[in-house]
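Remarks on the overall topology
One-letter residues, chain by chain:
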Protein chains: 2
Amino acid sequence: MPETLTKILDKVNSPKDLKVLNINELNDLAQEMRELIIKKVNTTGGHFGPNLGIVEATIALHYVFNSPKDKIVFDVSHQCYPHKILTGRKEGFTDKDSYLKYTGYTAPEESAHDLFKVGHTSTSISLATGLAKGRDLLGEKENIIALIGDGSLTGGEALEGLNNAAVLNSNIIIVLNDNDMSIAENQGGICNMLTELRECCGEVKNNFFEALGFEYHYVDNGNNISSLIETFSRVKDTDHPVLVHIHTIKGKGFKPAEENKEPFHWILPETLDHLNEPAALQGESYESLTKDYLLKKVSEGEPIAAINAATPGVFGWNKEFRDKMGSHYIDVGIAEQQAVAMASGIAKRGGKPILGIMSSFVQRTYDQLSQDLALNNTPATLLIFWGGISSADATHLCTFDIPLISNIPNIVYLAPTCKEEYLKMLDWSVNQNSCSVAIRVPMNISYSGTVDSTDYSILNKYKTVNSGKDIAIIAVGSFFEQGKKLADYIKSKLNINPTLINPCFISGLDKELLNGLKDNHRVVITLEDGELSGGFGEKIASYYGSSEMKVLNYGSQKEFTDRVPLDELYKRYRLLPEMICEDIEKVI
Amino acid sequence: MPETLTKILDKVNSPKDLKVLNINELNDLAQEMRELIIKKVNTTGGHFGPNLGIVEATIALHYVFNSPKDKIVFDVSHQCYPHKILTGRKEGFTDKDSYLKYTGYTAPEESAHDLFKVGHTSTSISLATGLAKGRDLLGEKENIIALIGDGSLTGGEALEGLNNAAVLNSNIIIVLNDNDMSIAENQGGICNMLTELRECCGEVKNNFFEALGFEYHYVDNGNNISSLIETFSRVKDTDHPVLVHIHTIKGKGFKPAEENKEPFHWILPETLDHLNEPAALQGESYESLTKDYLLKKVSEGEPIAAINAATPGVFGWNKEFRDKMGSHYIDVGIAEQQAVAMASGIAKRGGKPILGIMSSFVQRTYDQLSQDLALNNTPATLLIFWGGISSADATHLCTFDIPLISNIPNIVYLAPTCKEEYLKMLDWSVNQNSCSVAIRVPMNISYSGTVDSTDYSILNKYKTVNSGKDIAIIAVGSFFEQGKKLADYIKSKLNINPTLINPCFISGLDKELLNGLKDNHRVVITLEDGELSGGFGEKIASYYGSSEMKVLNYGSQKEFTDRVPLDELYKRYRLLPEMICEDIEKVI
């Protein structure tokens, strides 16, 4: 890759510096920014295609509008790198040592040009209606701009926002960044409607946005700064709701990304250095096991429906898998509520829905889990991926799914500890017809080496893996390995042989087993890979509340952590065997 | 009211009996059903206007389609009484002694003609897409019909469902029951779009539904059985997605309800017997206090925004209040996600959003509470109404808000116990700028009689109302009165003077106070008016897990109860003072 030149960018330290540049300089600036983004993201990893596609629109927005007085709300903010470059944070892209200085999402603590901390999709229009209403109540004037992608537009919150923005009766400008892609291919009637608009350059018989009451503008070349500036200038200071539909190219300026958009949505470090090498063979994983299982069931004629909400990559549901699954594969778009309700309907009609969802996004569909699914006891299977304590960005934490799912009546929430259990639980869930089941799929595969012959229809039956005395460790799912380590440490340090329990069920108590522990145990330790507050351990503590048993709960605290290294979190939450052992010594 | 004649209905025991009737008989049947509904609902209370409006459409649906082979999914099922009459449950309307035999919602346990237990809105299209997909995977054929109202259409789940239904590529028929009303007036761009369709008899420049890919049909007189039969017959057995837009009259056939739709959406028993009497004067309530407070702040020039999602009646936000509030009143339609995100936006821009929401509906907006609000620490005020254990229908339980809200980081969840605290907390919340606050508004007003001078910015500071020993009672919010009763009972029964604590804060622990209790207390009792699982008490139990303190938690179990009388629930959950005292005696 050539040495990056930043001769225009050198002069741009804030959006106002853009306004003195001519169109050639702006175009050169776009090129400089694009090269910086490519280089930076290839070093650190991050969102690639979305940022390359929005460079010109970001320049044009900041050229025409006056941020931070005018307010630009980014949706999901996968596409805020150009914005960060132009709003005083360019060293995060020019200076290798500062590459990790800024988050990959908008962050008000970094800059007055960022309005909200955002990382889940479909929020910008609703947030912008609030800003606009607040402005109006205060009797002030400014432009409120909501930027949203075509993929994000299919989320319920975005559509609720659109319905409300349309009748605001004052200034609000929605910029629809249509690159004809969600993370994977777009889905649904809205996608088809946008395709028609693009194909007819905005001139169609039935204009969806005009039907809702928006003044509609179309920019066919959304990577052309002049066209964008012209249209944005025309709608600036509008006194009514406007929607500007800009057609951009995801991955613009990096050919492989333009041609093959899905794998370049988000890339790992050094991806671009190995483009022509064949993909490394992946070892066995919960993702590969799931895919193999689903394909096998389909080949056996089962009415399987593998459902997801626009994130097939999370589960390794790549194009090859999707093609093989055919009509058994469903991507509902960014629409988690639809995904859960549809799963319930499929199960009700005798199909076998298996819904893959990332822990962080389960919370986008609580009411559907409760009302459409649990209340109706429909036998759908939910696979919750990535659940656990991590060094993720504050917007993508995966620590909240245990409190969320396990406090809804009726749903059976299972926590496998190894491949053998996972496959047995999955198969049990798919073949039963009496309840809704969620399975917390661990990140890293492990093996028990023995066939799992458990009958999971006997609910809330915990497994005693080692029968000891004095101390019992109940270690949930992906923290079972932690439990084993702790048991070993206790044995060597305290010369006590602790009981080790794999509860298998997160959503219920094995009262018989818990009662039995009272006979020869004084302390119960719970370990869960997620938020303590409202979680599994507190239920154990409550159960033993009237007894002599001491209970110590370990998991994450109720907090939004932001890119905190995992080892630091483990220390903060006292999850290390030696720390837990210290705590035990205090109570024993 | 005249004696109800049911000579046609006598012959109708299931939908197939309709098919031999001629149009005059069908019309007479509609009249008979309408009279039964008026009489029954005026006796028991229930949904009035929605059911009167849908009589003809229900007859036509069952005349044309073959339920239960063909599947009709009701949205929210506020409008399922005519359906129940026609599907083997007419004695619930003809026989006074059977008036309470059936729930007011669809219920699969009652009839094969009911697909789902439903009571929250905006679900029918998504559920129907699942039924259709299940049918297609099994290679079978039938009609899948989703009935949805214009009010429900603005909910995110409904719009996500519409986006997916449009591309199903097989049979799905959406019947949009447009009576130009949500519970209150309709809101938003979708409402305006539907108005235009009605005014132009379905012929408009920009057809929203055609833009999405639906075949669109319009029935201008949706209370005309012939027109409905004709259109339903035309779309029956379609092989692609169809939307039939029917224009009905909410409250049809009962003039006061036709003319004044909002108060007749749901009525109390005997409402129709007292139509000409002036409304009884309402005493002071948390609703009236809230309204007075908001109007006062508006009159002082504060940028207040009183927001709700289509349920102003829950908070007593009647027309008079709405008119007085003017632009300070916002109804976002059935769109709880929008309501929360918009509140966050308003707060960010310096406005003062106060969002009223019923406990049962908080769960429709978990991700927005977490991401749009809590993560951004925007100073919005949420008023959670009706939270508590009740004899409600399974779909409208209000027991889940404590686990839901109090396990999200950053949100301060307050539980006032009396008028004085409520007003102080509300005023504190509205005037502060550092965090998102939710207040659990009790159902019944009580008074402390003393000025509340608490500084609620000192978070998680519990109040010791009585300092005793041995036993401490921590009684949350609306259960504080229960705590007082328990304290009295313990005093007389056990001759112990128990400590009584009003925690004020549901979302955090007062560790100093809890630690202090260890000095001279052996048992802590927690009382909360909601689900124990994931709730407040478990956190207290966990906190004391390493100590000698015994902890007994009281609240509701994790279950969907369905119209269980309150006294039965109190016994089931051992909430009565004598039962708790029995439990205490076992551990003390």
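Residues numbered from 1 in each chain as written. Chains lettered and ligands numbered in written order. Predicted model: local features only at pLDDT ≥ 70, side-chain atom pairs only at ≥ 80, totals over all residues. Heavy atoms only, no water.

1. Comments concerning the overall build of chain A
Helices and strands together make up the secondary structure of chain A, namely 23 helices and 18 strands. Radius of gyration (C-alpha) of chain A: 26 Å, near the 25 Å computed for a compact globule of 588 residues. Based on the C-alpha atoms only, the size of chain A along its principal axes is roughly 80 × 55 × 50 Å. Buried positions account for 67% of the 588 residues belonging to chain A. For chain A, the proportion of contacts with a sequence separation of at least 24, taken over those separated by at least 6, is 77%. Accessible area for chain A stands at about 19800 Å²; split by element, carbon and sulfur atoms hold 49% of it. Put simply, chain A has 57 plus and 77 minus side-chain charges, and the middle of one group is 3 Å from the middle of the other. (Helix = DSSP H or I, 4+ residues; strand = E, 2+ residues; numbered from the N terminus. Rg over C-alpha atoms; globule rule 2.2 N^0.38 Å. Buried < 20%, exposed > 50% of the residue type's maximum accessible area, 1.4 Å probe, protein only. Contact = heavy atoms within 4.5 Å. Areas by Shrake-Rupley, 256 points an atom, 1.4 Å probe, with all protein chains shown as cover. Lys, Arg positive; Asp, Glu negative; His and termini not counted. Charge placed at Lys NZ, Arg CZ, Asp CG, Glu CD.)

2. As for the sheet that holds strand β8 (residues 304-308) of chain A
Residues and elements named next belong to chain A. Taken together, the six strands give an open sheet; going across it, the order is β9-β8-β10-β11-β13-β12, and neighbouring strands pair in parallel fashion. Looking along the sheet, the strands with just one partner apiece sit at the ends: β9 (329-331) and β12 (412-414). In this sheet, adjacent strand axes meet at a mean angle of 20° when their direction is disregarded. When β12 meets strand β13 (residues 437-441), the two strands line up parallel, connected through three bridges. Looking at β13, one finds that V412 is bridged to V437. Along the sheet, helix α12 (residues 286-299) makes contact with β8, β10 (352-358), β11 (381-385) and β13, crossing β8 at roughly 145°. (Pairing = 2+ DSSP bridges. Axes fitted to C-alpha atoms, helices over the stretch in contact; angles between N-to-C directions.)

3. Some words on empty space enclosed by the protein
Considering all chains together, one arrives at 15 cavities of 30 Å³ or more under this definition. For the largest cavity, the calculated volume is near 100 Å³. Around the largest cavity, the lining is made up of 14 residues, and of these Y544(A), M549(A), Y544(B), G545(B) and M549(B) lie nearest the centre. For the lining of the largest cavity, the residue count by class is eight nonpolar, four polar and two charged. Counted as a void, the second largest cavity has a volume near 80 Å³. Sorting the residues of the lining of the second largest cavity by element identifies α7 (156-165) and α9 (208-212) of chain A together with α7 (156-165) and α9 (208-212) of chain B as the ones contributing at least two each. Residue composition of the lining of the second largest cavity, by class: 10 nonpolar, two polar and no charged. (1 Å grid on protein atoms, 1.4 Å probe; cavity = no way out; pocket = protein on both sides within 12 Å on 5 of 7 lines; lining within 4 Å. Points joined across faces, edges and corners; volume = space filled by probe spheres on them. Nonpolar A, V, L, I, M, F, W, Y, C, P; charged D, E, K, R; others polar.)

4. A few points about the sheet that holds strand β9 (residues 329-331) of chain B
Two modes of strand pairing occur in sheets, parallel and antiparallel, and in both the strands are linked by backbone hydrogen bonds. Residue and element names in this part refer to chain B. The parallel open sheet is built from six strands, whose spatial order is β9-β8-β10-β11-β13-β12. Looking at the sheet topology across the chains shown, the edges are occupied by β9 and β12 (412-414). If you compare each strand with its neighbour and ignore which way they point, the axes differ by 20° on average. With respect to the sheet, helix α14 (residues 336-348) is in contact with β8 (304-308), β9 and β10 (352-358), its orientation differing from that of β10 by roughly 160°.

5. Things to note about the relation of the copies chain A and chain B
Here the two chain copies are tied together by a rotation about an axis and a shift along that axis. Overlaying chain A with chain B gives an RMSD of 0.0 Å, the required rotation being 180° about an axis along which the chain moves by 0.0 Å. Expressed as a symmetry operation, the mapping of one chain copy onto the other fits a two-fold axis. When the interface residues of chain A are mapped onto chain B, 100% of them are again interface residues, pointing to one common binding face. (Least-squares fit on C-alpha atoms with pLDDT ≥ 70 in both.)

6. A short note on the nonpolar core
Within the largest apolar cluster, 168 residues are counted, with the highest numbers of intra-cluster contacts made by L369(A) and L369(B). Leaving out residues up to four positions away in the same chain, L369(A) has contacts with V340(A), V362(A), A374(A), L382(A), L404(A), I405(A), I408(A) and I411(A). With 72 residues, the next largest nonpolar core counts L197(A), L243(A), L194(B) and L212(B) among its residues. (Core = buried A, V, L, I, M, F, W, Y, C linked by side-chain atoms within 4.5 Å.)

7. Some details on the interface of chain A and chain B
Residue-level contacts link 109 residues of chain A with 109 residues of chain B. Approximately 8600 Å² of surface area, both sides summed, lies buried where chain A meets chain B, with 55% of it carried by carbon and sulfur atoms. Together, E160(A), R349(A) and F560(A) form the three largest contributors to the area buried by chain A at its contact with chain B, with a combined 9%. Our enumeration of links across chain A and chain B arrives at 10 salt bridges. We note a salt bridge from K539(A) to E538(B), for which the minimum N-O separation is 3.7 Å. Viewed at the interface, chain B and chain A are joined by 58 residue pairs in polar contact (both at pLDDT 80 or more). The residue makeup of the side of chain A that touches chain B, split by class, is 41 nonpolar, 44 polar and 24 charged. (Buried area = accessible area lost by both parts, 1.4 Å probe. Salt bridge = Lys/Arg side-chain N within 4 Å of Asp/Glu carboxyl O. Polar contact = N/O pair within 3.5 Å; in protein donor to acceptor, adjacent residues only side chain to side chain.)

8. Some words on the environment of Y63(B)
All names here are of chain B. With respect to the helices and strands, the residue Y63 is situated in helix α3 (residues 55-64). Given a relative accessible area of 26%, Y63 falls into the partly exposed group. Discounting chain neighbours no more than four positions away, the residues touching Y63 are L18, K19, L21, L26 and I229.

9. Details of the side chain of N206(A)
Relative to the helices and strands, N206(A) is located in the loop between α8 (189-199) and α9. In this structure N206(A) comes out as buried when scored by relative accessible area, which is 11%. Here E210(B) takes part through its side chain, which lies 3.3 Å from a polar atom of the side chain of N206(A). Apart from the residues lying within four places of it in its own chain, the contact partners of N206(A) are K205(B), N206(B), N207(B), E210(B) and A211(B).

Just geometry here; none of it tells us what the structure is for.
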